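So the chains spell out like this:
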Amino acid sequence: MELFPYASPSEVGLSDRLTAGIDKMAEDDIAAGEIVCAAIQVICKDKTVYKKCHGYADLENKIPLEENHIFRMASMTKPITAVCVLREMEEGRLNLDDPAGKYVPELMDMEVAEFDGENKRTGTHPAPRPITIRDLLSHSSGIGSSEGDDNCNGGVPNGYVLGDKMKDWGASYLGFDPGTQAYYSWLVGFDVLAHIVEVTSGMTYAEYAQKYIFDPLDMKDTGFAPTEEQWERAVNMYMITAEKKSELLAQYKRMICTGPASYHSGAANVVSTLPDYSRFAHMLCNDGISCGVRILKAETVQEMRKPQLPLNLPGTDESHSWGLGVQVVMQDKGHLKYRLAGTFGWSGAFGTHFWCDPARQLSVVYCTNMLGGPDSDEVTRRHIEKAVLENM
């Protein structure tokens, strides 16, 4: 059953140029050697106005990309983790301003790294206050933000689960005093958040996300442990060379993102499909309800998409900031070029991207899997944003 029935863009008040504009963007990027494939869905006012797959899931065997192909979502896992944390808040089992150490004692007394003018660590000092759950959600905790910290960058051994890394995280150095700047914590911050969900709920993070997000939204191909049948539908991962050639990365054939299969990273280890993640994005765009199911209260989603940091805190500017697990846009066509004020979303390192525009009831999901393009940020974000927003 199509949960978001098709409509032409003009039926929901958009321009019919939209279809040709997105088609051209995807076809041009493939022809230019920027990507091998792209799956794109645009939902507006509960209607699908664009859904199409371009290119190949398997270039070598000329297997066309289809909407049931599975992508490694990388950091688009983070908004899922944020929703889990916010649901635990709604259940009264945690508060956003609780110290993270209340749930993960290893984080109670952390040290902050000190650097010289050449960015070399010269010493440490005690953190002036504990890092909080809100700090973690808004990338303002400093954890996972200290360059050269082996405890943060040393990988995840075979057989580890989330809780096994908390001692390492606690022994790491914060990159700055909590709350004094924003710096993207690509792994540690959201793995800590995922473990906090485990502590407060008594479930593993993977079980929690399955029960309270994936199952209710009927996201049948989303999770942390693909079956053999699902792995057969996973798109190939490619390295895009400086010469715009695509090289197959065979090591990703049964690999998601980071760590062993036992390690269900809240920062990076979800796999999903275009239709599945579009349901999740629609839920966030629609104040917490989609497919007839409420995942979060409307006021919780509204708080999630609000800037959580002081204006112009280092690491942000007047045009963009961090909400709770999502980047938020505060100014039309500022630092983020095409997106408009009031929109929010995030991207993944392997080419995935989504954003929501609640004022226009618009959500967009873009999926590809690649590494090493000349500027993956340009491909995954700017091209699709330009194609949609200049043809609305």
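I will try to describe carefully the structure that is included in this document. (Residues numbered from 1 in each chain as written. Predicted model: local features only at pLDDT ≥ 70, side-chain atom pairs only at ≥ 80, totals over all residues. Heavy atoms only, no water.)

Quick look at the side chain of R279 now. As for its position among the elements, R279 is in helix α9 (residues 274–285). The buried category is assigned to R279, whose relative accessible area is 13%. Of note is the side chain of R279, whose polar atom sits 3.2 Å from the backbone oxygen of L217. (Helix = DSSP H or I, 4+ residues; strand = E, 2+ residues; numbered from the N terminus. Buried < 20%, exposed > 50% of the residue type's maximum accessible area, 1.4 Å probe, protein only. Polar contact = N/O pair within 3.5 Å; in protein donor to acceptor, adjacent residues only side chain to side chain.)

Right, let's get into the pattern of salt bridges. Overall, the coordinates contain 24 salt bridges when judged by the stated rule. Measuring nitrogen to oxygen at the nearest pair gives 2.6 Å for the salt bridge that ties D28 to K24. Of this pair, D28 and K24 both sit in helix α1 (residues 17–31), four residues apart, which is roughly one turn of that helix. Owing to a relative accessible area of 51%, K24 belongs among the exposed residues under this scheme. In this structure, R305 engages D287 in a salt bridge whose closest nitrogen and oxygen atoms are separated by 2.8 Å. Placement of the pair is R305 in the loop between α10 (298–304) and β13 (320–322) and D287 in the loop between α9 and β11 (289–290), with a sequence separation of 18 residues. Overlapping salt bridges, with partners in common, bring together D97, R134, E303 and K306 in one network. (Salt bridge = Lys/Arg side-chain N within 4 Å of Asp/Glu carboxyl O.)

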